[in-house]
Amino acid sequence: MRAERLGDLGSPADVLRRVAAGARRAGLPPPAALAGEWFGSQAVIAPSVDVRPVDPGAVFDVPPGDRTGAVGGGWVGYLSYPDAGADGTPPRIPEAAGGWTDCVLRLDRGSWWFESLTGSAAPDWLAAALADPVLPAGCEIDWQRPDPDLHRAGVLACLEAIRAGEVYQACVCTQFTGTVAGSPLDFFADAVAATTPARAAYLAGDWGAVASLSPELFLRRSGDEVTSSPIKGTLPLREPPALLRGSAKDVAENIMIVDLVRNDLGHVALTGSVTVPELLVVRPAPGVWHLVSTVSARVPADLPMPVLLDATFPPASVTGTPKTRARQLLSQWEPFRRGAYCGTVGMVSPLAGAELNVAIRTVEFDAHGGAVLGVGGGITADSDADAEWQECL
């Protein structure tokens, strides 16, 4: 392990742009990036990662460490929401993709560090890139709004299923589609600089790119400790936060998802170890207030990451209760495949452990200039279809 302090190189967006430009000049694959609140740091950038399609059952298959501070490197990637939409169309980008990095740039308390699992020094191309400022190129997306009537029909079908006792709650989603002019990396860099999401993540390959501006933690694992912090309940930031905590609908939705997370983790947790250290905490996020809870558990230290994912994926907050029936019905109510949206993006480090987001506020870019942005919200018995559409917007 090597750790070299580099000092103040600039913001995560600035450093990402420089590294990307350097990788292009060197003929290397592009960087991957985590920005916000990852591994106790403000950003983790893998300078160049060959992000290739992988089998969905093999993602994040690295024994996670339990060290605080250094990240060093690891496997970075994404896993798409597994279910098809009602139209039955195939995935737009690979269902899962990722790659290994032996080194990272990490931003910690205003100072950047170069860290290497192998003990190697920073390559010459990276050192040159960090010293070479790059002007933002910008990225524009011409978005087309989804059909509100299709979303309304899905919400009404969900309300009928709740009345029939098939589900208690479900997250009904729709999607914006767009045409891209510019680089997905510039879109991500601009968006991170403007909104500072807690769980932002970016990776790209020949297949396209995923730019996630998520505020939500799906799983954090350090050794045998696992934590999940589901978000259910959203209110515009201009409104008093007390309104969210006092909303019977949002509180009910959040508690149902907490129980679902407890159940999911309970399949692999050590008996008696599942706890809820935080319940119904109101926290700010870009543009909104969120209602957040935290569920923790201990798992066998040798439990493989794919087994943990098999018990917990897709994330509880984007499915419904009971989970299996909600997923079956959502595939009928939602016209389109969610794709990377509502899946997860993150990293597993043999030093620092695993951290994965819930891929909401996430744009999926294909290799042909197309973009998809999923949106949605949780439906309970007293949901209003018009209010749910406004929450999507």
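Placed above this text is the structure.
Please read these numbers as outputs of a predicted model, since none were measured by experiment.

Participant: Even after reading the chapter, I still don't get the environment of Arg-106, so can you show me in this structure?
Facilitator: Within the secondary structure layout, Arg-106 lies in strand β7 (residues 103-108). As for Arg-106 and Gly-72, which are separated by 34 residues in sequence, their C-alpha atoms are 8.6 Å apart. Look past the residues within four positions of Arg-106 in its chain and what remains in contact with it is Ser-41, Ala-43, Val-44, Gly-69, Ala-70, Val-71, Ser-111, Trp-112, Trp-113 and Glu-115. A polar contact is formed between the side chain of Arg-106 and the side chain of Ser-41, at a distance of 3.0 Å.

Participant: Explain the packing of aromatic side chains to me, please; I cannot follow it from the model alone.
Facilitator: All told, the structure shown has five aromatic pairs when counted by the stated rule. It is Arg-199 that lies over the ring of Trp-38; its NZ or CZ is 5.0 Å from the centre. Cation over ring: Arg-338 sits above Tyr-81, and NZ or CZ is 4.3 Å from the ring centre.

Participant: What is the right way to read the side chain of Ser-383 from this model?
Facilitator: Mapped onto the secondary structure, Ser-383 falls in the loop between β22 (370-379) and α9 (385-392). On the basis of relative accessible area, Ser-383 is assigned to the buried category, the value being 10%. A polar side-chain atom of Ser-383 sits 2.9 Å from the main-chain amide nitrogen of Thr-380. Among the polar contacts listed, one links the side chain of Ser-383 to the side chain of Glu-388, at a separation of 3.3 Å.

Participant: Hey, could you run me through the packing of helix α1 (residues 12-25) against helix α4 (residues 184-195) in this one?
Facilitator: How two helices sit against one another is set out by the angle between their axes and by the gap between those axes. Running from amino to carboxyl end, α1 crosses α4 at an angle of 165°, the nearest separation of the two axes being 9 Å. Taken together, the axis directions place α1 and α4 in an arrangement best described as roughly antiparallel. Between α1 and α4 lies a crossing of left-handed hand. Seen from α1, the contacting residues are Ala-13, Leu-16, Arg-17 and Ala-20; seen from α4, they are Leu-185, Asp-186, Phe-188, Ala-189, Asp-190 and Ala-193.

Participant: Please explain the pairing of strand β19 (residues 344-349) as it appears in this structure.
Facilitator: Side-chain direction in a regular strand flips from residue to residue, so the side chains alternate between the two faces of the sheet. The buried fraction of β19 amounts to six of the six residues, a majority that puts the element mostly inside the structure. Here β19 shows no split at all, with Thr-344, Gly-346 and Val-348 on one side and Val-345, Met-347 and Ser-349 on the other all buried. Where strand β5 (residues 74-79) and β19 come together, five bridges link them in antiparallel fashion. Bridged to Trp-75 within β19 is Val-348. Sheet topology note: the β19/strand β20 (residues 353-357) ladder contains four bridges and is antiparallel. By the bridge assignment for β20, Val-348 is matched with Ala-354.

Participant: I tried to follow unusual backbone geometry on my own but got confused; where do I start?
Facilitator: Glycine aside, the phi torsion of most residues is negative, and most peptide linkages are trans. For the bond from Phe-313 to Pro-314, the omega torsion is 0°, close enough to zero to count as cis. Here Pro-314 lies in the loop between α7 (305-312) and β18 (320-321). At the junction of Thr-321 and Pro-322, the peptide bond is cis and its omega measures out at -10° in the coordinates. Position of Pro-322 among the secondary structure elements: in the loop between β18 and α8 (323-333). The phi dihedral of Phe-39 falls on the positive side, at around 50°, and the residue is not glycine. Here Phe-39 is to be found in the loop between β2 (32-38) and β3 (41-46). A positive phi angle, close to 75°, is found at Cys-342, a residue other than glycine. Considering the arrangement of structural elements, one finds Cys-342 in the loop between α8 and β19.

Participant: Even after reading the chapter, I still don't get a nonpolar patch on the surface, so can you show me in this structure?
Facilitator: Nonpolar side chains collect at one region of the surface, where Ile-255, Val-276 and Leu-279 lie side by side and expose about 210 Å² of accessible area between them. Secondary-structure assignment places Val-276 in strand β16 (residues 275-285). Take Val-276: its relative accessible area is 32%, and that puts it in the partly exposed class.

Participant: Whenever I open this one, the layout of surface pockets confuses me. Can you help?
Facilitator: Take a probe with the size of a water molecule and roll it over the atoms, and the empty space left behind shows itself. The space that makes up the largest pocket amounts to roughly 1,100 Å³. Lining the largest pocket are 45 residues, with Thr-234, Val-288, Arg-361, Glu-391 and Cys-392 sitting closest to its centre. Only β10 (169-182), α4, β15 (231-236), α6 (248-266), β17 (288-298), β21 (362-366), β22 and α9 provide two or more residues apiece to the lining of the largest pocket. In the lining of the largest pocket, the residues fall into 21 nonpolar, 13 polar and eleven charged.

What counts, and at which threshold
- Numbering of residues begins from 1 in every chain and follows the order in which that chain's sequence is written.
- Selection of residues for local features in this predicted model requires a pLDDT of at least 70, selection of side-chain atom pairs for listing and counting requires 80 or more, and totals for whole chains, interfaces and linings are taken over all residues.
- Remark: hydrogens and water are excluded; side-chain values derive from all non-hydrogen atoms of the structure.
- For the purposes of this entry, the term helix denotes a DSSP run of H or I that reaches at least four residues, the term strand denotes a run of E that reaches at least two, and both are numbered from the N terminus.
- Residues count as neighbours in contact if any of their non-hydrogen atoms are within 4.5 Å of one another.
- Distance and chemistry together define a polar contact, namely a pair of N or O atoms within 3.5 Å, with one atom able to donate a hydrogen and the other to accept it when in protein, and with adjacent residues in sequence counting only for side-chain atoms on both sides.
- Two aromatic rings from Phe, Tyr or Trp, using only the six-membered ring of Trp, form a pair when their centres are within 6.5 Å; if the ring planes differ by under 30 degrees the pair is stacked, by over 60 it is edge-to-face, and anything between is tilted.
- By definition here, charges over rings are those cases where NZ of Lys or CZ of Arg is within 6 Å of the ring centre and within 35 degrees of the ring normal.
- Relative accessibility decides the category of a residue: with a 1.4 Å probe and only protein chains considered, values under 20% of the type maximum give buried, values over 50% give exposed, and everything between is partly exposed.
- With axes taken as lines fitted to C-alpha atoms, and helix axes fitted only over the stretch in contact, angles between N-to-C directions fall between 0 and 180 degrees.
- With respect to orientation, any angle under 35 degrees is reported as roughly parallel, any angle over 145 as roughly antiparallel, any angle of 65 to 115 as roughly perpendicular, and every other angle as oblique.
- Take the far helix as your reference; a near helix turned counterclockwise from it by less than a right angle gives a left-handed crossing, and one turned clockwise gives a right-handed crossing.
- Note on pairing: two strands pair once DSSP finds at least 2 bridges between them.
- For patch building, the residue pool is restricted to those with more than 30% relative accessible area and no salt bridge; the joining distance is 9 Å between like charges and 5 Å between nonpolar side chains (Val, Leu, Ile, Met, Phe, Trp, Tyr).
- Computed with the Shrake-Rupley method and a 1.4 Å probe, the accessible areas treat only the protein chains shown as cover for residues.
- Should a side-chain nitrogen of Lys or Arg be within 4 Å of a carboxyl oxygen of Asp or Glu, the pair is scored as a salt bridge.
- Only protein atoms enter the calculation, which uses a 1 Å grid: trapped sets of points that fit a 1.4 Å probe without letting it out are cavities, open sets showing protein on both sides within 12 Å along at least five of seven lines are pockets, and any residue with an atom within 4 Å of a point is a lining residue.
- Grid points are joined across faces, edges and corners, and a volume is the space filled by probe spheres set on the points.
- Charged means Asp, Glu, Lys or Arg here, nonpolar means Ala, Val, Leu, Ile, Met, Phe, Trp, Tyr, Cys or Pro, and polar covers whatever is left, Gly included.

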